[in-house]
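# Close look at the chain arrangement
Given next are the chains, with one letter for each unit.
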Amino acid sequence: MRVFVLGSGSSGNALLVESCGTRVLVDAGIGPKVLASRLAELGVELHAGALDGIVTTHHHGDHFGHADKIATTFAAPLYLHHGIASPAGGRRGRRADLDLVDVAPESKIQNSELLDGSTLASAVTTDGGPPIDVRRYDIGRALRIGELTITTVQVPHDAAQVAIRVDDGDSALGVATDVGRVTPGLVALLAECDAAVVEANHCSEMLAFSEYPEVVKRRVSGGFGHLSNDQTAELAARLVGSRMARLWLGHLSRSNNTPARALEAVASRARRIDVDVLSETAPVALDVRSVKPYQLGLPF
Ligand SMILES: [Zn+2]
Ligand SMILES: [Zn+2]
């Protein structure tokens, strides 16, 4: 299984998983042109029809803001759980995340009916654009896209949010960002993964002494905000002895964290689990089965 991390942080999240001829994009917080250019940096060309599905974790703009454009550009089905409004459904899909700087423009409602039941499809159109193939799935119920099986578990955040496991039958990747606090369900999901992208959003001390307004500090550090380095370290400690072999730390706050602080905190509790830090915008190709990840463009 190859994983191409194309963005990780408040300026936009997206990663492409490729295995057994199936390609699935997890989150769509960067536009199609940026996505294509960052893939090209990694030597990957993505054509319309070559993307088998887009799975988004929640409706904050840094994860969902470009879902409609990516779906139409690459003619890919968009898989949404019931806590995410259809991209043609207006504001819910456009809401800014905490310290979000990248928000897509509004699109007009033409047909935004939400459908009940797992993976029911509906065609919605954005203003003037081709229809989007929207498929609904239930959180907690396995979803099959090509050769990949997607499992989700709800995690606390200030939007309906899921952690995701992508399994090709041989190896499995976890993706868990935007998590307010560690839950038993999250630990159980990640314990069945070989590797995971997890957030280490902020250093609690840096946040406490930052210029952020108190209300924002409380949101970020609260049970429906983001994981601190120490919380992610605790998560890593709980995964010791499980299938988990490596963690890639992402969604770091630019203002309230540093790669060195995140790495130091988490590695100190991770024992034999390898820990690396992802760049916010430099794309990187990872192999979940290799002993050491093959990385490009990391500035540290
Ligand atoms: Zn986010
Ligand atoms: Zn969020």
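Overview of the structure. All of these numbers come straight from a predicted model, not from anything done at the bench.

Okay, the overall build of the protein chain next. Along its length, the protein chain carries eight helices and 15 strands. Looking at the protein chain as a whole, 57% of its 300 residues are labelled buried. Contacts in the protein chain between residues far apart in sequence, at least 24 positions, make up 63% of those at least 6 positions apart. With the model as given, the accessible surface of the protein chain reaches about 11,800 Å², and the carbon-plus-sulfur share is 52%.

Once that is clear, we can look at the coordination of the zinc ion (ligand 2). Taken together, His58 (NE2), His60 (ND1), His157 (NE2) and Asp178 (OD) make up the protein donors of the zinc ion (ligand 2), found 2.2 to 2.3 Å from the metal. Around the zinc ion (ligand 2) sit four donor atoms, and with donor-metal-donor angles ranging over 92 to 166° the site reads as irregular. The distance between the zinc ion (ligand 2) and the zinc ion (ligand 1) comes to 3.7 Å, with Asp178 serving as a donor to both metals. With His60 in the loop between strand 4 (53-55) and helix 2 (61-64) and His157 in the loop between strand 9 (148-155) and strand 10 (161-167), this residue pair connects regions lying 97 residues apart in the sequence. Note on His60: relative accessible area 0%, which makes it buried.

A few words on helix 7 (residues 229-239). Listed in full, the buried residues belonging to helix 7 are Asn229, Thr232, Ala233, Leu235, Ala236 and Leu239. Angularly, the buried residues of helix 7 cover 155° about the axis, an arc narrow enough to put them on a single face. Phi turns positive, to about 95°, at Gly241, one or two residues after helix 7.

Turning our eyes to something else, we now look at the nonpolar core. Among the nonpolar cores identified, the biggest contains 30 residues, and Leu239, Leu247 and Leu249 are the most heavily contacted of them. Mapped by element, the contributors of at least two residues to this core are strand 9, helix 4 (184-191), strand 12 (195-199), helix 7, strand 13 (246-250), helix 8 (259-270) and strand 14 (274-277). Per-element accounting of this core gives the leading share, five residues, to helix 4. Ignoring anything within four residues of it in the chain, the contact list for Leu247 reads Ala196, Val198, Ala236, Leu239, Val266, Ile273, Asp274, Val275 and Asp276. Within the second largest apolar cluster, 27 residues are counted, among which are Leu46, Ala76, Leu80 and Val134.

Conventions adopted
Residues numbered from 1 in each chain as written. Chains lettered and ligands numbered in written order. Predicted model: local features only at pLDDT ≥ 70, side-chain atom pairs only at ≥ 80, totals over all residues. Heavy atoms only, no water. Helix = DSSP H or I, 4+ residues; strand = E, 2+ residues; numbered from the N terminus. Buried < 20%, exposed > 50% of the residue type's maximum accessible area, 1.4 Å probe, protein only. Contact = heavy atoms within 4.5 Å. Areas by Shrake-Rupley, 256 points an atom, 1.4 Å probe, with all protein chains shown as cover. Donors = N, O, S within 2.8 Å, 3.2 Å for Na, K, Ca; no water. Tetrahedral: all angles 85-135°; square planar, octahedral: opposite > 155°, others 65-115°. Arc of directions from axis to C-beta. Core = buried A, V, L, I, M, F, W, Y, C linked by side-chain atoms within 4.5 Å.

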